[in-house]
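Understanding the architecture of this molecule
The lines below spell out each chain.
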Number of protein chains: 2
Amino acid sequence: MSQARERGIPDATVARLPLYLRALNGLAERGTATVSSEDLAVAAGVNSAKLRKDLSHLGSYGTRGVGYDVQYLIYQISRELGLTQDWAVAIVGVGNLGRALANYGGFVSRGFRVAALFDADTSVVGERLVGMPVEHIDELEDVIRTRDISIVVIATPAAAAQPVADRVIASGITSILNFAPVVLNVPDGVDVRKVDLSTELQILAFHEQRKADRESGSPIMAENLAEAMDA
Amino acid sequence: MSQARERGIPDATVARLPLYLRALNGLAERGTATVSSEDLAVAAGVNSAKLRKDLSHLGSYGTRGVGYDVQYLIYQISRELGLTQDWAVAIVGVGNLGRALANYGGFVSRGFRVAALFDADTSVVGERLVGMPVEHIDELEDVIRTRDISIVVIATPAAAAQPVADRVIASGITSILNFAPVVLNVPDGVDVRKVDLSTELQILAFHEQRKADRESGSPIMAENLAEAMDA
DNA sequence: CGCACTTTGTGCATGTCTTCACAAAGGGAT
DNA sequence: ATCCCTTTGTGAAGACATGCACAAAGTGCG
Ligand SMILES: NC(=O)c1ccc[n+]([C@@H]2O[C@H](COP(=O)([O-])OP(=O)(O)OC[C@H]3O[C@@H](n4cnc5c(N)ncnc54)[C@H](O)[C@@H]3O)[C@@H](O)[C@H]2O)c1
Ligand SMILES: NC(=O)c1ccc[n+]([C@@H]2O[C@H](COP(=O)([O-])OP(=O)(O)OC[C@H]3O[C@@H](n4cnc5c(N)ncnc54)[C@H](O)[C@@H]3O)[C@@H](O)[C@H]2O)c1
């Protein structure tokens, strides 16, 4: 029989589940009741065999000859990702980025709730955003414990990120989303994910350069398409 | 002999080069002249064998018994990533997030330059940010061509992202960084990278839940729960 | 020069992820 | 009840990525 329930969903699969969930929510909004792996794969922009294998890790939730029940699959993926419960998130660093994040409605909708905002700058502390006061970073430990925060978003300048991480970890946090451009040093058992704008741009630049090299360097592929457009 | 110069650096390696570059810049600022793969690996938070293999794809730039020359390696990685040239970036969608990105000094510093800002909202158009006026989305095609934009950042609401992508691609853009929570449909030859806050949070929630399960409950309970729903 | 020491670059084994391809399973028509 | 059509779930192969372990290459000292 299936050993899907054995603990151990591959990381690559976990990283795609949110993608499937989003595609499924789109289908649900349009009133679709069932969907085949082929159609869902197109909506999520992946290969259908990969999608089926990914879903098979959660269990056997499809019906052969029919497809997947959209609502049921939404529920199963949500449960697997832990979205059937509410997660209290704190944002540390209420600058340009921290403000944008706090004002962002998109992630509050599904399972996540901004429960605290912190900053070190006394001219920012006390300011209200989305019905919540910015609190002083000195309150960090207390608030994390009393408000049952489980995920911390770091949006401070690079230099402050490691000290902030050390403090939140000392307060029992084991999940951090880091926007500061530094490699955080954390003990085992703490998960850090990072969002790094400049890394993404650099990767794009690498490929962009390669495309440019190929056009001007290889005689076989030479297409003066770009020049035709300029004229 | 080494076939490192053969075109084809693994994607996984390309994704780590920016990380190494950042670590090297940190060392350079502190005046370090040479660094061993071991030390650099620690600074970048990776395994040293992996780092050496990654660097070997660029060429043989180290000295056995000594290590890597920091400045030289910075130059080589920068060149490989295409950072020795200037990339003109446009930001489409000047809302909460677009503003934070435009104001962000961090990526202007290294090879990237914000060369245009676009929005569809006429109450935003004309506003000045970082010494640059927000232009109307109707100008998109003209500006992309005349200002030699090569990378476009999409920070519009989800619904606008695909139409915007279609237009920038029609204008010749082949590199897009997408912040909107949608899968963009693009032709071959166009690179899209996405930054997705809610995906990251969901991945953290998954692991957080797993940690909680392991602590409190026996894994058997989870299995019975799933079966209860099947009935 | 020769020797001890350091550190790179890489062959190889191992592990993880992707993709193909198809048997097995279900639905519906006759 | 049988047949045909669709679609899942997965074994197996291939592609890709990681990490060990060490020979080769360099430094510097006596
Ligand atoms: N703005 C962007 O688009 C963007 C993009 C990518 C990365 N980042 C990174 O995100 C981080 C924040 O960027 P930003 O543009 O919002 O910067 P910012 O300077 O506008 O905001 C940083 C905020 O952190 C606060 N802060 C400083 N030290 C603190 C501490 N110890 N504890 C709590 N708060 C503290 C500051 O008072 C300030 O309000 C930076 O590390 C930046 O590199 C920003
Ligand atoms: N704010 C965040 O922290 C955050 C985080 C993750 C993802 N996102 C995503 O980033 C995107 C932008 O978020 P935001 O908070 O800045 O939203 P926002 O509503 O504040 O800003 C969107 C801007 O895009 C403009 N716009 C709309 N249609 C346009 C079009 N066709 N062409 C050009 N401009 C157009 C709007 O006028 C507005 O100024 C959204 O897709 C959001 O889901 C935001």
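Right, let's walk through the structure included here. These numbers come from a predicted model, not from an experiment. (Residues numbered from 1 in each chain as written. Chains lettered and ligands numbered in written order. Predicted model: local features only at pLDDT ≥ 70, side-chain atom pairs only at ≥ 80, totals over all residues. Heavy atoms only, no water.)

Right, let's get into the overall build of chain A. Within chain A one finds 9 helices and 10 strands. Burial analysis of chain A (231 residues in total) assigns 48% to the buried set. Within chain A, counting contacts between residues at least 6 apart in sequence, those at least 24 apart form 56% of the total. Approximately 11,400 Å² of chain A is accessible, and the part contributed by carbon and sulfur atoms is 51%. (Helix = DSSP H or I, 4+ residues; strand = E, 2+ residues; numbered from the N terminus. Buried < 20%, exposed > 50% of the residue type's maximum accessible area, 1.4 Å probe, protein only. Contact = heavy atoms within 4.5 Å. Areas by Shrake-Rupley, 256 points an atom, 1.4 Å probe, with all protein chains shown as cover.)

Attention now goes to the site of ligand 2. Around ligand 2 lies a shell of 23 residues, among which Y104(A), N96(B), L97(B), D119(B) and T156(B) are the nearest. Chains contributing residues to the immediate surroundings of ligand 2 are chains A and B. A distance of 3.5 Å is found between an oxygen atom of ligand 2 and a backbone nitrogen or oxygen belonging to L101(A). Contacts to ligand 2 include L97(B), whose backbone N or O atom sits 2.7 Å from an oxygen atom. Summarising the interface, the protein chains cover 80% of the accessible area of ligand 2, which totals 820 Å² for the free molecule. Mapped onto the shell around ligand 2, the elements with two or more residues apiece are α5 (96-103) of chain A together with α5 (96-103) and α7 (158-170) of chain B. (Near = heavy atom within 4 Å. Polar contact = N/O pair within 3.5 Å; in protein donor to acceptor, adjacent residues only side chain to side chain.)

Attention shifts here to the pairing of strand β4 (residues 87-92) of chain A. Residue and element names in this part refer to chain A. Of all 6 residues making up β4, 6 are buried, and the element is well covered by its neighbours. Here β4 shows no split at all, with W87, V89 and I91 on one side and A88, A90 and V92 on the other all buried. Direction of pairing for β4 relative to strand β5 (residues 112-119): parallel, over a ladder of 6 bridges. Its bridge partner being in β5, A90 is matched across the sheet by A116. Relative to strand β8 (residues 151-154), β4 is paired through 4 bridges, and the arrangement is parallel. Residue pairing across strands places I91 opposite V153, the latter belonging to β8. (Pairing = 2+ DSSP bridges.)

What follows is about helix α1 (residues 11-29) of chain B. All names here are of chain B. End to end, α1 covers 28 Å across 19 residues, agreeing with the expected 27 Å (1.5 Å per residue, within 8%). Along α1, the largest kink reaches about 25° and is centred on L17; proline P18 follows within four residues of it. Taken together, the buried positions of α1 are T13, V14, R16, L17, P18, L19, Y20, L21, A23, L24, N25 and L27. A positive phi of about 80° marks G31, the residue just after α1. (Expected span 1.5 Å × (residues − 1). Bend = angle between axes of the 7 residues up to and from the residue.)

Moving on: the protein's contact with DNA strand D. S37(A), R52(A), Y68(A), K53(B) and R64(B) are the nearest of the 26 residues found near DNA strand D. At 2.7 Å from a phosphate oxygen of DNA strand D is found a side-chain nitrogen or oxygen belonging to Y68(A). Ranked by the residues each element gives to the surface near DNA strand D, the list is headed by helix α3 (residues 48-56) of chain B, at 4 residues.

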